[in-house]
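# Close look at the chain arrangement
For reference, the chains in residue letters:
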Amino acid sequence: MLIAWKYRERNTVIQRLDPRARIIFMLSILVSVIQFWDLRVILGFLAVALGQYFLARLTWRETRRPWMVISFIIVFLTILTFLTGRGGVGTAYHEEHLLARLGPLSLPIVGWSFTLDITAEKTVFAISQMARMFAITAMAITIPYTIDPGLYGATFRGLGLPDKFAYAMDLAFRYVPTLGRDFSITLDAQRARGYEVEKLSGGIISQIRKLAPLLVPVTINAIVGAEDVIDAMDLRCFGIGPRTWMQKLQYKRADKALILTAVLIFALSTAASIMGLGRLWVPGFVLAWAK
Amino acid sequence: MEIPLIVEHLSFRYRTRQEPALRDVSFMLEAGQVFLVAGSSGCGKTTLIRCINGLIPHSYKGELEGRVLLYGEDMSGKPLSVISQIVGTVLQDPERQILGSRVVNEVAFGLENLGLPRDEILARVDAALAYLDISHLRDRETFYLSGGEKQKVALAGVLAMQPSILLLDEPLASLDPVSAQEALRLIRRLADEGRAVLIIEHRVEDVLKINPEMALFMVDGEVRYLGPTSGLEAAVDYHEVKLPAPMIIEKARHDPPPTYLPPLLVRKEERASLVEFENVSFAYEDGPTVLQDVNFTIRQGDIIAVLGPNGAGKTTLVKHAIGLLKPREGRVRLEGKDTRELSVAQIAHVIGYVFQSPSHMLFAPTVHDELAFGPKNLGYDQTTIEEGVTQAVDILNLGGLENYSPLALSFGQQKRVSIAAILAMRSRVLVMDEPNAGQDYKNYMAFMDAILQLPYFDAILFITHDVDLAVCYANRVLLLHEGRIAADGPPAEVLADAALLKRCRVVPTSLLAANLEMLPRTGRFMRAELLAHVRQT
């Protein structure tokens, strides 16, 4: 199944925390880490994120698939940024020190030729970008495996979101496995008709078009199914007024400490960012190679 | 005491349609009654339920005439929140009705929306779960429940709101026979305790076992029969609604004998082996073993019905034949070649697999393109593709629809397109998963008759919960139980073993009983209409 995770109850520090405190902490880390390009600071955030991941006692086996998909996307984006030279120039750094010049190189298929300048700033920026995205991933990937799926609605309501929005989040988590299963059935049904997704060829537009046998049935099924979902909600009085949330969440001391830490991290990060700290840091030894 | 439900001259036309879905429907439902509503697909049954539970006119717009009275009170203009505390509805597909990630959340959903105090919600949730004897499911994730468990959880969510009228839209559709029996007993109990229960069901024969007090038979939105269930037999056409075999035999006696066309697929003397399973075992990732030491061979001329309860491994077995799954142990050979060495596309040249729901595969802008998709993938040249498409269109009676969008067709037409799409691939072995799922009796019998008259196949295999489909069409029955083959042989042998069927959670039907009784005279299993005329001779 393409999209699959399974929540398991584990007696861990992470799972004993109130999910609201964990969401606040996650958001704080996300909003803080994106304020920095300094690899040393980012590695600090990455350490916190990985610490949370390991404290949650998640195994590689259960999280392997999302890690592989997201890592592929991260590496792809980083290489793309590195090759095009866009992203950091003019924002994270203003001058570049050449380490090597490759080329002229020729792009397969389109045949464009170009010269690739490998600079100290571009290289460190790529590494920082990757570390930043992995920190965000490690922080976020832990959530679906360790928050009880029955608590999402109460969690988001507890964070101050309106009933309807909070329940929408709950419903989204409820139907992700259903969507994954529908996708899996469609993939099997089309493969049984000789469709080979791994043999798609042509340009990006053409490849997307060739995904229609998968995307159309899954989308149509989701839309048709949504009608039943709406009926089921209407028939049980959803949205007629303020609702009671059966699950009652209660902050404990550890949760309050975590929220306080989250607030401090965010405040300090923002202050540092305003003061101009934490910009791209290029280690001296890398610059030395450029000379 | 007021009558719980009175429907008076109800007519409704959806805004987007020309024809009315309901025409002048009137009836009443009393407390303690089970009220059966029968009729073929599209006859207006679901529209009737929507009018009673208030979804019409609240969510579905159109022209509505007539009245629905709940305990004497006209419900037009009343909010859904008021109606749904009197009328509880269990929709056809529990997967879509269940909104909570956990059972406890699902059952509490309506009560939370009513803003009840938390303690009361918890008390009502526990009471509903205990009533249905599913307290052990309380903290389970709903996604991983079986079909029968989902049905009960959906019902618990409705019962927690304490309605006195229950509307059940095809509650047996996703259940295997044993789970269906259990659900029916529960429905009877709900009525016996004083609730008024209206049940829509294609499986009329099954519902009749709980002696519904009243029945309504609808055709094209109109009432064709309304009265005690005992009168249903005389009123309905046994070709349209599946009645118990003795009823059909009794009625068919007075009709001319039907024409019997034996299947075109006949067993030759030298029967080639098409697919061989050798000591096949399989488990999904970390899950339990789904198939264990399975050995069997599909040979030329076989029409195999694969029977067994939900979770017995039927679909997993079939997915091994088409190569979608590869065995953990043992091997599957297709015409002598190990499927591990073949791609699914290569296997599709020989085996065509029709999935249960057409909506999972239809995607193309036109029926023609949909049918051409498979043959194109298999690399046939344009002339062969067009020939295959034309033949498939003719065989499945899709002429005139070639340029229609398959997504805009009715369910029955979509099912035919999904079969035609496989036929166009010219596969020699046809495999079907629940060919009668979601179709009414008349449609699926006509469809099975047509399939068996096709000249292209070397073998046919179908998965089904419906013993009668095996009785009417199979020349071989494969009985699966807990991942193992419990029996494999001619229907008259396998289905005659009552103890075996019970152990494998297969429920004998009245047609099976009638066939077994008359087997010494008939020499083979046949449908009830034919049995009627055997008895006369």
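Residues numbered from 1 in each chain as written. Chains lettered and ligands numbered in written order. Predicted model: local features only at pLDDT ≥ 70, side-chain atom pairs only at ≥ 80, totals over all residues. Heavy atoms only, no water.

### Overview of the sheet that holds strand E13 (residues 303-307) of chain B
Residue and element names in this part refer to chain B. Taken together, the 6 strands give an open sheet; going across it, the order is E16-E17-E18-E13-E19-E20, and neighbouring strands pair in mixed fashion. In this open sheet, the two strands that pair with only one neighbour each are strand E16 (351-354) and strand E20 (484-489). Averaged over all pairs of adjacent strands, the angle between strand axes in this sheet comes to 15°, irrespective of strand direction. Against the sheet, helix H12 (residues 314-322) makes contact with E13, E16, strand E17 (429-433), strand E18 (459-463) and strand E19 (476-481), and its axis sits at roughly 145° relative to E16, the strand it touches most. Lying over the sheet, helix H16 (residues 411-423) contacts E16 and E17, oriented at roughly 170° with respect to E16. (Pairing = 2+ DSSP bridges. Helix = DSSP H or I, 4+ residues; strand = E, 2+ residues; numbered from the N terminus. Axes fitted to C-alpha atoms, helices over the stretch in contact; angles between N-to-C directions. Contact = heavy atoms within 4.5 Å.)

### Quick look at the side chain of Glu170(B)
Residue and element names in this part refer to chain B. With respect to the element layout, Glu170 can be found in the loop between strand E7 (165-169) and helix H8 (177-192). One buried charge, Glu170, has no salt-bridge partner; the nearest side chain with opposite charge is Lys45, at 4.8 Å. When residues no more than four places from it in sequence are discounted, the contact partners of Glu170 are Gln92, Ile200, Glu201 and His202. (Buried < 20%, exposed > 50% of the residue type's maximum accessible area, 1.4 Å probe, protein only. Lys, Arg positive; Asp, Glu negative; His and termini not counted. Salt bridge = Lys/Arg side-chain N within 4 Å of Asp/Glu carboxyl O.)

### Description of helix H1 (residues 45-53) of chain B
Residue and element names in this part refer to chain B. Where burial is concerned, most of H1 is hidden: 8 out of the 9 residues are buried. Residues of H1 that are buried include every one of Lys45, Thr47, Leu48, Ile49, Arg50, Cys51, Ile52 and Asn53, and no others. Positive backbone phi, at 95°, marks Gly54, one or two positions downstream of H1.

### Some words on helix H3 (residues 39-55) of chain A
The end-to-end C-alpha distance of H3(A), which contains 17 residues, comes to 24 Å, matching closely the 24 Å that a straight helix rising 1.5 Å per residue would cover. Positive phi appears at Arg57(A), one or two residues downstream of H3(A), with a value of about 55°. (Expected span 1.5 Å × (residues − 1).)

### Observations concerning the domain arrangement of chain A
Residue and element names in this part refer to chain A. Splitting chain A by domain gives domain 1 (20-147 + 253-291) and domain 2 (149-249). Taking only C-alpha atoms, the centre of domain 1 and the centre of domain 2 are 30 Å apart. Contacts between the two partners involve 6 residues from domain 1 and, on the opposite side, 7 residues from domain 2. Summed over both partners, the interface of domain 1 with domain 2 comes to about 660 Å²; 73% of that surface belongs to carbon and sulfur atoms. Interface area lost by domain 1 to domain 2 is led by Arg20, Ile23 and Ile147, which between them contribute 84%. Remark: the boundary between domain 1 and domain 2 carries 0 salt bridges. One can count 1 residue pair in polar contact (both at pLDDT 80 or more) joining domain 1 with domain 2. Listed by contribution, the elements that provide at least two residues to the side of domain 1 that touches domain 2 are helix H2 (19-33) and helix H5 (120-146). (Domains from an automatic or database assignment. Buried area = accessible area lost by both parts, 1.4 Å probe. Polar contact = N/O pair within 3.5 Å; in protein donor to acceptor, adjacent residues only side chain to side chain.)

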